[in-house]
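# Coordinates in review
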Amino acid sequence: MCNMRASDDQLTNWTKPVFNNEDQLASTTEQKIRNAIRGHALLKHLPVRVFAKGSYKNNTNVRRHSDIDVAVEYTGMIQTDFVRGLNFSHSGLTPYGSSQHSGVTLPTFKQAVGESLRGAFGSAVVDGTGNKVFKIRGSDKVYQADVVPCTTYHFYTQPLVPRRGIELILDRPDGQRHFNYPEQHEVNGIAKNNSTGRRYKSVVRILKNLSEHLRANGVSEYYPSHMLESLAYNVDDTVYLQGTPWRSLASNVLVAMFDYLSNTEPTNENERWTEVNGHKWLFHPQQNWTRQQAMNFVVNAWGVVH
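The sections below set out a description of the structure shown in this document. The residue count restarts for each chain, going from 1 along the sequence in the order it is written. Local features in a predicted model are, by the rule used here, given only for residues with pLDDT of at least 70; side-chain atom pairs are given and counted only at 80 or more, and totals for whole chains, interfaces and linings are based on all residues. Water and hydrogen atoms were dropped before computing side-chain values, which therefore reflect all heavy atoms in the structure.

### Quick notes on the packing of aromatic side chains
Under the pairing criterion, centres of Phe, Tyr and Trp rings, with the six-membered ring standing for Trp, must be within 6.5 Å; the plane angle then separates stacked pairs below 30 degrees from edge-to-face pairs above 60, leaving the rest tilted. Scanning the model with the defined rule gives nine aromatic pairs in all. Arranged with centres 4.3 Å apart and planes meeting at 15°, the rings of Tyr153 and Phe179 form a pair that is stacked. In this pair, Tyr153 is assigned in strand β5 (residues 145-158) and Phe179 in strand β7 (residues 179-180), connecting sequence segments 26 residues apart. Only protein chains enter the calculation, and the probe is 1.4 Å; a residue is then buried if its accessible area is under 20% of its type maximum, exposed if over 50%, and partly exposed in between. According to the relative accessible area criterion, Tyr153 is buried, its value standing at 1%. Considering the side-chain rings of Tyr200 and Tyr240, the 6.3 Å spacing of their centres and the 80° angle between planes classify their relative orientation as edge-to-face. Of the two residues, Tyr200 is situated in helix α6 (residues 200-216) and Tyr240 in helix α8 (residues 237-240); the sequence distance between them amounts to 40 residues. The same class applies to Tyr200 and to Tyr240, which are both buried. Among the aromatic residues, those joined into a cluster by ring pairs are Tyr153, Phe179 and Tyr181. By definition, being over a ring means that NZ of Lys or CZ of Arg is both within 6 Å of the ring centre and within 35 degrees of the ring normal. The lysine or arginine in question, Lys192, covers the ring of Tyr233, its NZ or CZ lying 5.8 Å from the ring centre. Over the aromatic face of Phe179 sits the side chain of Lys280, whose NZ or CZ is 5.2 Å from the ring centroid. The way it works is that DSSP assigns letters per residue, a run of H or I at least four long becomes a helix, a run of E at least two long becomes a strand, and they are numbered from the N terminus.

Below is the structure:
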């Protein structure tokens, strides 16, 4: 456990978003990505939506340890899932083979995204070796970025009314489908922040800074940013509304997390914690984090905050 207790001033500083110059650089980088996609010979003729998501979009990013996530969504191809008893006929969609863009494959689309980024930022700056994203290396002129090629994703729990998200395009399929709901994440995060007297997002920043502080002081385990944000999201509003100083508030939030994580995953679905989007369980076999990892964070963070 890290024994380096954070000062009150440090905790207060940890609640703050990125500096204005960082925010401007991130905005400029996002616009450059958007312009690159719109200017590509193939992509400019396709139905493509470019939008920021993740910590930068949701205003939970922290100083010096942030990047921006930008989705490049091909809306001309919709990936679908259905609850039992429903099938494609209940979607109201037109089969992709009859689309005017049906000759465009997912590998072709993702390749074009990579070409557009290398043309705009330079091949030396863009890393396309990962399975899911193109990484843009940051500098004094470019904010570090993850660009996510994806398609529209619809999950149908009733006919004609889908949950809308995005599904990532993998270079090397791993037998799983990787999808998320960035728009619902944004909506739910804003609602949570409002219902907690605007304390929720400040606490999320404290947790993310705690994670960086732990790593800097010898705790080498990586705690995913999305996991931390979702843990905070599930803590009851009453914990946030006690109106206590940041140290007490952060401590109370960690206690609430500890109480939940000390037990096994509830069998009652209404008691299970979800990601901020509200549609995916926080803990399940396909997540890139575990319940034990979350507990490790809480225990280590307690030594810094309490």
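### Quick notes on α6
The end-to-end C-alpha distance of α6, which contains 17 residues, comes to 25 Å, matching closely the 24 Å that a straight helix rising 1.5 Å per residue would cover. For α6, the buried fraction is high: 14 of the 17 residues fall into the buried class. Gly218 sits one or two residues past α6 and shows a positive phi near 100°. Helix span, expected: 1.5 Å multiplied by one less than the number of residues in the helix.

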